[in-house]
Amino acid sequence: RKEVEQDPGPFNVPEGATVAFNCTYSNSASQSFFWYRQDCRKEPKLLMSVYSSGNEDGRFTAQLNRASQYISLLIRDSKLSDSATYLCVVLKGGGADGLTFGKGTHLIIQP
Amino acid sequence: GAVVSQHPSWVICKSGTSVKIECRSLDFQATTMFWYRQFPKQSLMLMATSNEGSKATYEQGVEKDKFLINHASLTLSTLTVTSAHPEDSSFYICSAEARQDWPYGYTFGSGTRLTVV
């Protein structure tokens, strides 16, 4: 089983739609979780951290279910500029560990 | 927010030559930096963890003699791809943990696209 699994998509959704991505991780000792956004041929940029209580930042909502080892990202009122690859990222230990990335979910917002 | 500067952005080199990539943390100190590699349509894979003042820690399957890492100061880590071959062509990205930013994450450099011909 891969350490971090995501549906690669692509997801084609119309502008204004709500779309959700899921991610599962295999290491139950994982401590921190993030969603990153990566545009084509660019570096990843932090979108948001993910907390057990769930957190929201504008149109984006992230949730973590530790029991199921499952992370989700919800995008409401999608914009054309949301088109990108969304990376589910897990940190196993403390600050000395690097990040483990999923392969990413490719989102295409259509006008 | 924290910024990590990475140079060069892209490089084309001949097979057998060596290429050095620099990663600098701007306005913050990074005791630890990470080097990743991303092949087309693949996820980023951690290559090595660069520790200031000590030897780097390499992930399984990454040749330490081929990918030389130097982290001589708290703001600079370098990755040298020695005797590069076409199969080393990839997107190399460094990152550092920016704990002074909250919610913190790992800030990435802009990446270096290496093409070996």
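The structure contained in this document is the topic of the report that follows. (Residues numbered from 1 in each chain as written. Chains lettered and ligands numbered in written order. Predicted model: local features only at pLDDT ≥ 70, side-chain atom pairs only at ≥ 80, totals over all residues. Heavy atoms only, no water.)

Details of the overall build of chain B
Okay, step 1: A tally of helices and strands in chain B yields zero helices and 11 strands.
Okay, step 2: Along the chain direction, N to C, the helices and strands of chain B fall in the order β-β-β-β-β-β-β-β-β-β-β.
Okay, step 3: Seen through its C-alpha atoms, chain B measures out along the principal axes to roughly 40 × 30 × 25 Å.
Okay, step 4: Looking at chain B residue by residue over its 117 residues, the buried ones come to 50%.
Okay, step 5: When contacts within chain B are restricted to residue pairs at least 6 apart in sequence, those whose partners lie at least 24 apart make up 52%.
Okay, step 6: When the 10 positive and 10 negative side-chain charges of chain B are each reduced to one mean point, those points stand 6 Å apart. (Helix = DSSP H or I, 4+ residues; strand = E, 2+ residues; numbered from the N terminus. Buried < 20%, exposed > 50% of the residue type's maximum accessible area, 1.4 Å probe, protein only. Contact = heavy atoms within 4.5 Å. Lys, Arg positive; Asp, Glu negative; His and termini not counted. Charge placed at Lys NZ, Arg CZ, Asp CG, Glu CD.)

A few points about the sheet that holds strand S7 (residues 67-73) of chain B
Residues and elements named next belong to chain B.
Okay, step 1: Strand order in the open sheet formed by four strands is S1-S3-S8-S7, with antiparallel pairing between adjacent strands. Two strands close off the open sheet at either side, each with one partner strand: strand S1 (3-7) and S7. Each neighbouring strand pair of the sheet contributes to a mean axis angle of 15°, computed without reference to strand direction.
Okay, step 2: In this structure, S7 lies alongside strand S8 (residues 76-81), joined through five bridges in antiparallel fashion. In the strand pairing of S8, Ile-69 is matched with Leu-79. (Pairing = 2+ DSSP bridges. Axes fitted to C-alpha atoms, helices over the stretch in contact; angles between N-to-C directions.)

Some details on empty space enclosed by the protein
Residues and elements named next belong to chain A.
Okay, step 1: Applying the stated criterion to the full structure yields one cavity of 30 Å³ or more.
Okay, step 2: In this model, the largest cavity occupies a volume close to 30 Å³.
Okay, step 3: Considering the residues around the largest cavity, the lining is formed by Glu-3, Val-4, Tyr-25, Ser-26, Asn-27, Ser-30, Val-90, Lys-92 and Thr-100.
Okay, step 4: Split into classes, the residues belonging to the lining of the largest cavity amount to three nonpolar, four polar and two charged. (1 Å grid on protein atoms, 1.4 Å probe; cavity = no way out; pocket = protein on both sides within 12 Å on 5 of 7 lines; lining within 4 Å. Points joined across faces, edges and corners; volume = space filled by probe spheres on them. Nonpolar A, V, L, I, M, F, W, Y, C, P; charged D, E, K, R; others polar.)

Remember that the coordinates give geometry; whether it matters functionally is a separate question.
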